[in-house]
Amino acid sequence: MKEYWTSLASLLGVLAFFQSLLQVIFPPELRFAFLKLFNRIFNVFSTYCYFDITEIDGVNTNELYNAVQLYLSSSASISGSRLSLTRALNSSAITFGLSNNDCIYDSFNGVTVLWEHVVAPRQTQTFSWRPMPEEKRGFTLRIRKKDKSVILDLYLDFIMEKANDIRRKNQDRLLYTNSRGGSLDSRGHPWESVPFKHPSTFETLAIDPGKKMEIMEDLINFANGQSFYQKTGRAWKRGYLLYGPPGTGKSSMIAAMANYLGYDIYDLELTEVHNNSELRKLLMKTSSKSIIVIEDIDCSISLSNRKKSNGGSGSRNYYVPEMRCGGSGSGSNCEDGNNNSITLSGLLNFTDGLWSCCGSERIFVFTTNHIKKLDPALLRSGRMDMHIFMNFCSYPALLILLRNYLGYEECDLEEEILKELELVVDKAEMTPADISEVLIKNKRNTEKAVRELLEALKIKAERNVKNGGNRQKKNSDEIEDEEEEEEEEQEKRALESPEEEEGSDDFDEEDTCKKGGIQEEEEKIK
Ligand SMILES: Nc1ncnc2c1ncn2[C@@H]1O[C@H](COP(=O)(O)OP(=O)(O)OP(=O)(O)O)[C@@H](O)[C@H]1O
Ligand SMILES: [Mg+2]
């Protein structure tokens with residue numbers, strides 16, 4: 001044993017001697033050059049090449065680093081033995097990550113690569129305006145040299161895309177609002193956001209199943225239509241107009257759309273926007289995969305060439321009639337001449353102008369209780385591609401509400417009651433909101449709930465028959481007013497753009513789902 005220690009000590013002595021000799025022969029500059037040379041020779045003969053992706057790129061966060069971390073989290077969760085766990089802000093999901101200085105193999109298009117998560121303490125604290133993390137983190141990607149040209153670009157694109165998907169899935173969606181007016185937050189953002197938790201889905205939405213399927217298909221075609229939109233040279237966006245009486249589920253439909261596609265919602269409050277350029281800035285700050293909503297568009301802005309532009313329905317009227325330029329959408333090129341108002345042309349630009357394409361995969365949804373008050377230019381295909389009439393509660397919709405609120409399937413109810421409900425529900429012209437109220441009131445006593453609902457429907461139906469149909473108008477004055485307005489509007493439109501009058505969007509209740517040109521073109525192309 002003693003001999004062993006003696007020989008080890010002499011070996012160490014020899015090593016120390018050679019090291020000091022090297023230091024004498026090679027001064028530090030020479031040593032660095034020698035190491036570089038050695039590295040080069042090693043690289044020439046190595047079959048691999050290495051790519052470093054550092055967390056901080058200069059002073060900015062490297063997006064690719066975050067993307068790789070997320071991407072690897074999907075494979076690490078299955079195969080890693082030591083993992084780090086994180087939960088991001090606004091996220092309800094936990095993501096797995098590679099531990100410090102751990103490696104993981106991944107394969108793409110049949111090529112195997114190695115990822116190493118390199119973490120080292122940061123040595124010299126360089127001057128920076130913002131505090132830097134204490135550790136220097138990065139990923140090193142090792143690829144065979146022969147595979148580099150084949151997969152590198154594709155692989156990195158794939159990682160970015162996959163990371164975006166994971167981020168969207170993990171992150172709770174957000175509901176944005178511009179209620180702060182035009183003021184910006186500390187990051188220069190005009191939108192405020194809260195987590196979006198609305199429980200409405202297409203399953204809970206009480207509308208006719210056929211219409212529901214049609215809308216869902218349209219949404220999915222849109223979300224999967226990137227190549228179609230690229231091929232046809234169209235901006236990847238789609239507009240939906242939801243119209244119908246209050247309480248028929250327009251807002252619930254928007255929430256269901258967002259939940260179905262996993263999109264964020266931007267709830268645009270037009271009364272808080274002061275002019276067209278502010279509107280454009282808001283648009284520029286929206287992200288892709290989002291729904292931009294303007295609720296009750298007829299109330300928040302005066303959008304047709306009506307006399308009452310300064311009239312007092314209680315809402316702000318921004319639109320100055322003399323400044324309107326054509327109703328067919330050519331308005332997008334017009335000057336409003338007034339910097340302190342939103343004009344129709346500003347709104348048309350917002351939905352359909354060049355600026356509307358500054359992001360992709362965006363849906364515009366407008367809601368209104370009075371479709372006839374809207375300018376046809378706003379409703380044309382390409383702006384509002386699909387017009388969805390949200391009607392009073394029909395029999396199939398009623399069955400959905402009974403299932404939602406009372407847990408009743410169709411077969412759970414007596415045939416006689418079903419027949420009575422079916423007979424009376426259309427005549428009653430009650431909204432799903434009204435019916436929900438009756439059901440909520442008695443949700444603990446389901447039989448009583450059905451009885452009371454039937455009673456309420458019968459009373460309403462009888463009243464409607466007596467009144468000759470409930471058109472949701474409160475008194476005859478209101479009806480006359482609206483008719484007058486309508487006539488004036490039509491006259492003006494006819495004078496301004498005679499061709500447009502022919503295809504005027506005068507939707508009645510049969511006009512449940514009007515598809516725009518996009519879908520027809522999609523079908524042709526398919
Ligand atoms: N079609 C529907 N399916 C399920 N629930 C509905 C439906 N319509 C209305 N409701 C219920 O009624 C309430 C009001 O609905 P919602 O706010 O969606 O109506 P709306 O059409 O947007 O009304 P408004 O025109 O006044 O904005 C919702 O909380 C929802 O629970
Ligand atoms: Mg609403």
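Residues numbered from 1 in each chain as written. Chains lettered and ligands numbered in written order. Predicted model: local features only at pLDDT ≥ 70, side-chain atom pairs only at ≥ 80, totals over all residues. Heavy atoms only, no water.

### Focus: the site of ligand 1
In the region of ligand 1, 14 residues are neighbours, and Ala206, Gly247, Lys250, Ser251 and Ser252 sit closest. One nitrogen or oxygen atom from the main chain of threonine 248 is found 3.2 Å from an oxygen atom belonging to ligand 1. The protein chains hide 71% of the 620 Å² of surface that ligand 1 would expose on its own. Secondary structure elements with two or more residues in the shell around ligand 1: helix 7 (250-261) and helix 14 (432-441). Per element, the largest residue contribution to the shell around ligand 1 is three residues, and it comes from helix 7. (Near = heavy atom within 4 Å. Polar contact = N/O pair within 3.5 Å; in protein donor to acceptor, adjacent residues only side chain to side chain. Areas by Shrake-Rupley, 256 points an atom, 1.4 Å probe, with all protein chains shown as cover. Helix = DSSP H or I, 4+ residues; strand = E, 2+ residues; numbered from the N terminus.)

### Considering helix 7
Spanning 12 residues, helix 7 covers 17 Å between terminal C-alpha atoms, matching the ideal 16 Å at 1.5 Å per step. Buried within helix 7 we find Lys250, Met253, Ile254, Ala255, Ala256, Met257, Ala258 and Leu261. In the segment just after helix 7, glycine 262 is the residue with positive phi, at about 75 degrees. (Expected span 1.5 Å × (residues − 1). Buried < 20%, exposed > 50% of the residue type's maximum accessible area, 1.4 Å probe, protein only.)

### Some thoughts on unusual backbone geometry
Backbone geometry at asparagine 109 places phi at a positive 50 degrees, although glycine is not the residue there. Residue asparagine 109 is classed as exposed on the basis of its relative accessible area, which comes to 56%. Positive phi values are uncommon outside glycine, yet glutamate 429 reaches one of about 50 degrees. A relative accessible area of 15% places glutamate 429 in the buried class.

### A look at the packing of aromatic side chains
Going through the model one piece at a time under the given rule, you end up with 14 aromatic pairs. Ring geometry for tyrosine 71 versus tyrosine 155: centroids 6.2 Å apart, planes at 85 degrees, classification edge-to-face. One end of the pair, tyrosine 71, is in helix 3 (residues 63-79); the other, tyrosine 155, is in helix 4 (residues 145-170), and 84 residues separate them in sequence. Given a relative accessible area of 5%, tyrosine 71 falls into the buried group. When its relative accessible area of 0% is taken as the criterion, tyrosine 155 is described as buried. One aromatic cluster is present, formed by Tyr65, Tyr71, Phe108, Trp115, Phe139, Tyr155 and Phe158 through successive ring pairs. If you follow arginine 142 out to its NZ or CZ, it ends over the ring of tyrosine 48, 3.8 Å from the centre. (Phe/Tyr/Trp six-rings, centres within 6.5 Å; stacked < 30°, edge-to-face > 60°. Lys NZ or Arg CZ within 6 Å of the ring centre and 35° of its normal.)

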